Amino acid sequence: MSLLVGALAASCLAIALALMFVRLGTLPASWQPGLLAGLVSETLLLLLIVAIGFLLMRKSLALMQGEETAESTARVDPVTLALTRGDFLDELRRRVQTSGDRRHAYVMVDLDHLKALNDTFGHPAGDEALAQLVRICREELPGAVIGRLGGDEFALLLTDCSSRGEVVQAVKALLDRLRQPVQINGRTMRLSATAGIAMAPDDTHIALELVNLADLALYKAKQARGTVLSYNARMLVDDRYTRLLTRELRAAIYLNQLDMHYQPIVAADGEEQTAFEALIRWHHPLRGTIPPAEFISVAEQSTLIEEVGEWVIRRVIRDAVRYGEYQFGINVSAVQLKQPGFAAFVAGELAAAGLPASRLVLEITETVFLDFGSVERANLDGLREAGVMIVLDDFGSGFASLQYLRKFHFDCLKIDKSYVHAAGSSDVDMTFVTTITELARALGTRVLAEGVETEEQYLLMKAAGCQRFQGYYFGRPAALPDVVASPASLARERRAIGG
């Protein structure tokens, strides 16, 4: 380009000299037309070449700027403006490798119930919630490097930390700030997140292992949600125990170590047994009886929940055939409802055993709906079409309860036991129960009060409008022959005489 500009300048100078010679009369007249025409043509050609070169250079510069902008954009998540997964992990590796004795904290943050938020209010609301999370992270932890690992998972890198306790308190303050009311797409909401922490070099000096340890801490924290946990060596021990329990549970299914106990459900008079809720038991030959809360969570972490669930359904259907006048309820987990063929499996087992579908009751909790999708909906519709009774368990303890009463028809609502226990001392809880029974009556749905332990609770729930009752006051879980042979009225008589 510089050569073209130089040539253009020389051409212009030549034209100027030729014109000067013509004016002075020193240039022969015969030369003047040809010389001037040639100089002008050459100058115009050079001007055209310079213009084309300028346009090409401008386009090249624009392409370079576009590539730089695209590269910059690729490093940043467009929704939250946090670093993308790859760039964040590169930054993490670089800082951990060069940290020396300086203490760094790696924090994994998971926004709770994002799918429910998307399904209820739309994806724009979910995106705004994610952006709000990152904004709060920047305000509460201004020096943190923030990355979006994918979906609802984010990572924070805090450098030059003085202690683990300081990091835990800082993250707790972050989660508390997140729970404050915020406007999202014109609606007031309270967000919630769960966090797991690992420290370098305290826990490890390897970046990838740091990620794994923080992920383990996050997994433990998710069992309570809305909390923060820092990694400790005990977590690895628990993780190994979980894997051991998984192997033993798989063996228990084939060695017939599992059993079913049943708790009676009574009618409004408090005496007539109408149904039983099936509760699984594991009689370990060395560890004794292992609580369901312990091994069911282990089963849900693996594919074992499918095997355990199928075993329970087959066993309960077989027991129900033996006692032909009662309904039998089974608790169904969210993992089971996510299995595409679950409804077909249940219908097949009912048909094979010759049990009317109306005598089988499947109980699902409100938390199932937090990640409710097309597969779950298809299973629920298929079960209802087959004639299976559907109960919403632990009603009032979950997320946006009334919303699901509008979308789905349930045969029965189980009032969560926390309301039953508090009704005698809390007008608010008693009003909640009364309101729900009125609403259920309008919807043509029964209401069952679970966790009834005293006569006062029974009378209060009956006065509130509940039609079915379950709890220790009417009988504890026991083997089916025992619980059927001991009606609730006899159980109360034994309690009355101290027997």
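### Observations concerning the state of the cysteines
Then, number 1: With the rule as written, the count across this model stands at zero disulfides.
Then, number 2: Between cysteine 412, a cysteine without a disulfide, and cysteine 466, which holds the nearest cysteine sulfur, the sulfur-to-sulfur distance is 9.1 Å.
Then, number 3: Residue classification places cysteine 412 among the buried positions, given a relative accessible area of 10%.

### Some thoughts on the pairing of strand β2 (residues 145-150)
Then, number 1: Judged by how many residues are buried, β2 sits mostly within the fold: five of six residues are covered.
Then, number 2: Pairing geometry for β2 and strand β3 (residues 153-158), over five bridges, is antiparallel. Its bridge partner lying in β3, valine 145 is registered against leucine 157.
Then, number 3: The hairpin formed by β2 and β3 contains two residues between the paired strands, and glycine 151 there has a positive phi angle of roughly 60 degrees.

### Here we look at the environment of valine 211
Then, number 1: For valine 211, the position within the fold is in helix α7 (residues 207-221).
Then, number 2: Under the relative-accessibility criterion, valine 211 is labelled buried at 15%.
Then, number 3: Counting along the chain gives 103 residues from valine 211 to methionine 108, while the straight-line C-alpha distance between them is 8.2 Å.
Then, number 4: Each residue touching valine 211, except ones within four places of it in the same chain, is listed here: Leu89, Leu92, Tyr106 and Met108.

### Quick notes on the sheet that holds β2
Then, number 1: Across the sheet, which stays open at both edges, the five strands sit in the order β2-β3-β1-β6-β7 with mixed pairing between neighbours. Of all the strands in the sheet, the pair left with one neighbour each is β2 and β7 (228-230). Pairs of neighbouring strands in the sheet enclose a mean axial angle of 20 degrees, with direction left out of account.
Then, number 2: The pairing of strand β1 (residues 104-111) with β3 spans six bridges and is antiparallel. Note on β3: the bridge partner recorded for alanine 105 is leucine 158.

### Concerning the environment of tryptophan 282
Then, number 1: Among the secondary structure elements, tryptophan 282 is positioned in strand β9 (residues 273-284).
Then, number 2: Since its relative accessible area comes to 0%, tryptophan 282 is described here as buried.
Then, number 3: Contact partners of tryptophan 282, with chain neighbours within four places excluded, come to Leu245, Glu248, Leu249, Ala252, Gln257, Leu258, Gly288, Thr289, Ile290 and Phe295.

### Let's talk about the confidence of the model for the protein
Then, number 1: Summary statistics for the protein give a mean pLDDT of 82 and a share of 80% for residues scoring 70 or more.
Then, number 2: Low pLDDT, under 50, characterises residues 66-73; the stretch is placed with zero contacts to residues that sit more than four places away or in other chains.

### Re the pattern of salt bridges
Then, number 1: In this structure the tally under the stated criterion is 25 salt bridges.
Then, number 2: Linking glutamate 139 and arginine 177 is a salt bridge whose minimum nitrogen-to-oxygen distance equals 2.4 Å. Here glutamate 139 is found in helix α5 (residues 123-140), whereas its partner arginine 177 is found in helix α6 (residues 164-178), with 38 residues between them in sequence.
Then, number 3: For arginine 177, a relative accessible area of 25% gives the class partly exposed.
Then, number 4: With a shortest N-O distance of 3.0 Å, arginine 315 and aspartate 319 are connected by a salt bridge. Placement of both arginine 315 and aspartate 319 in helix α10 (residues 304-322) is noted, with a separation of four residues, approximately one turn of the helix. Side by side, arginine 315 and aspartate 319 carry an identical accessibility label, which is buried.
Then, number 5: Linked through salt bridges whose partners overlap, the residues forming this network are Asp259, Arg315, Asp319 and Arg322.

Rules of the game
Residues numbered from 1 in each chain as written. Predicted model: local features only at pLDDT ≥ 70, side-chain atom pairs only at ≥ 80, totals over all residues. Heavy atoms only, no water. Disulfide = S-S within 2.5 Å. Buried < 20%, exposed > 50% of the residue type's maximum accessible area, 1.4 Å probe, protein only. Helix = DSSP H or I, 4+ residues; strand = E, 2+ residues; numbered from the N terminus. Pairing = 2+ DSSP bridges. Contact = heavy atoms within 4.5 Å. Axes fitted to C-alpha atoms, helices over the stretch in contact; angles between N-to-C directions. pLDDT = per-residue confidence, 0-100. Salt bridge = Lys/Arg side-chain N within 4 Å of Asp/Glu carboxyl O.

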